[in-house]
Amino acid sequence: MAVPEPTDEQRAEQILDVFGTAFGELITADPAAFRVKFRKMAASAFAFYRGTACLFYADLEHERHGGPYLDERTGRVWIHGDLHAENFGTYMNANGRLVFNVNDFDEAYVGPFTWDLKRFSASVALLG
């Protein structure tokens, strides 16, 4: 059964609830830093998307235990957690060789591998 779409007001409340849970203590500790963060996020849809992995995962929570590609092996694996187009780049490996790879693993998480694929695909669509 499909979940009904929330009204704009309900969605705004959902977003504020997620932000309160994810950022509440940090906002209280340093409100000026979050004003800067939120101004940057307001610059574009992609900038908003980059700054709101918490909202993305809150929206996908209902998919944690289902889907045609998820089973006991694929439903709980280490995922990047914030896989978007700007989290790819180059760096020097231990042997001094320039490598192109994924970076920025501060949102790494145990979850369904499909979440990384969806987050990356959405970021590419937003850039397009």
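Residues numbered from 1 in each chain as written. Predicted model: local features only at pLDDT ≥ 70, side-chain atom pairs only at ≥ 80, totals over all residues. Heavy atoms only, no water.

1. Some words on the environment of Gln-14
The cut-off we apply is this: Helix and strand definitions here come from DSSP, where helices need a minimum of 4 consecutive H or I residues and strands a minimum of 2 consecutive E residues; each element is numbered from the N-terminal end. The rule is simple: take the accessible area with a 1.4 Å probe, protein chains only, and divide by the maximum for that residue type; under 20% is buried, over 50% is exposed, in between is partly exposed.
Mapped onto the fold, Gln-14 is located in helix α1 (residues 8-29). What makes Gln-14 partly exposed here is its relative accessible area of 35%. Along the chain, Gln-14 and Ala-58 lie 44 residues apart, while their C-alpha atoms are 9.2 Å from each other.

2. Digging into the packing of helix α4 (residues 53-60) against helix α5 (residues 113-127)
The cut-off we apply is this: Angles here are taken between N-to-C directions and fall from 0 to 180 degrees, while the axes themselves are lines fitted to C-alpha atoms, restricted in helices to the stretch in contact. Here roughly perpendicular refers to angles of 65 to 115 degrees, roughly parallel to angles under 35, roughly antiparallel to angles over 145, and oblique to all remaining angles. Working rule for handedness: look at the near helix, and if it is turned counterclockwise from the far one by less than a right angle, call the crossing left-handed; if clockwise, right-handed. Here, residues are in contact when the closest pair of their heavy atoms is within 4.5 Å. Gly falls in the polar group here, along with every residue not listed as nonpolar (Ala, Val, Leu, Ile, Met, Phe, Trp, Tyr, Cys, Pro) or charged (Asp, Glu, Lys, Arg).
Close contact between α4 and α5 brings their axes to 11 Å; oriented N to C, the two are set at 125°. Judged by the inter-axis angle, α4 sits oblique to α5. Handedness of the crossing formed by α4 with α5: right-handed. The residues of α5 that touch α4, namely those facing Ala-53, Phe-56, Tyr-57 and Leu-60, are Trp-115, Asp-116, Lys-118 and Arg-119. Of the residues contributing to the contact of α4 with α5, the split by class is five nonpolar, no polar and three charged.

3. Let's talk about unusual backbone geometry
Residues other than glycine seldom take positive phi values, yet Asp-104 does so here, at roughly 65°. As for its placement among the helices and strands, Asp-104 is situated in the loop between β3 (98-102) and β4 (109-111). Relative accessible area serves as the criterion here: at 34%, Asp-104 is assigned to the partly exposed category.

4. Quick notes on the pattern of salt bridges
The condition is simple: Whenever Lys or Arg places a side-chain nitrogen within 4 Å of a carboxyl oxygen from Asp or Glu, that contact is recorded as a salt bridge.
Going through the model one piece at a time under the given rule, you end up with four salt bridges. Across the salt bridge formed by Asp-59 and Arg-11, the nearest N and O atoms sit 2.7 Å from each other. Highlighted residues: Asp-59 in helix α4 and Arg-11 in helix α1, separated in sequence by 48 residues. Arg-73 is the partner of Asp-71 in a salt bridge, and the nearest nitrogen-oxygen pair spans 3.7 Å. For Asp-71, a relative accessible area of 32% puts it in the partly exposed group.

5. Here we look at the packing of α1 against α4
Running from N to C, α1 and α4 cross one another at 120°; their axes reach a closest spacing of 9 Å. Between α1 and α4, the angle is such that the two are oblique. When you trace α1 past α4, the crossing you get is right-handed. Across from Arg-11, Ile-15, Val-18, Phe-19, Ala-22 and Phe-23 in α1, the residues of α4 making contact are Cys-54, Leu-55, Ala-58 and Asp-59. Of the residues assigned to the contact of α1 with α4, the class counts are eight nonpolar, no polar and two charged.

6. Remarks on the nonpolar core
Cut-off, in case you're wondering: Take the buried Ala, Val, Leu, Ile, Met, Phe, Trp, Tyr and Cys residues and link them wherever side-chain atoms come within 4.5 Å; each set so joined is a nonpolar core.
Judged by nonpolar contacts, Tyr-49, Ala-53, Phe-56, Tyr-57, Leu-60, Ile-79 and Trp-115 together constitute the single largest core of seven residues. Take this core: its biggest share by element is four residues, from α4. Membership of the second largest hydrophobic core comes to six residues, among which are Val-18, Phe-23, Phe-34 and Met-41.

7. Some remarks on the pairing of strand β2 (residues 88-92)
Stated formally: Two strands are said to pair when DSSP picks up at least two bridges between them.
As defined by bridge partners, β2 adjoins β3 across five bridges and the pair is classed as antiparallel. By the bridge assignment for β3, Tyr-91 is matched with Val-99. Between β2 and β3, which follow one another and run antiparallel, lie five residues, and Gly-96 among them has a positive phi close to 80°.

Nothing here speaks to function; it is all geometry.
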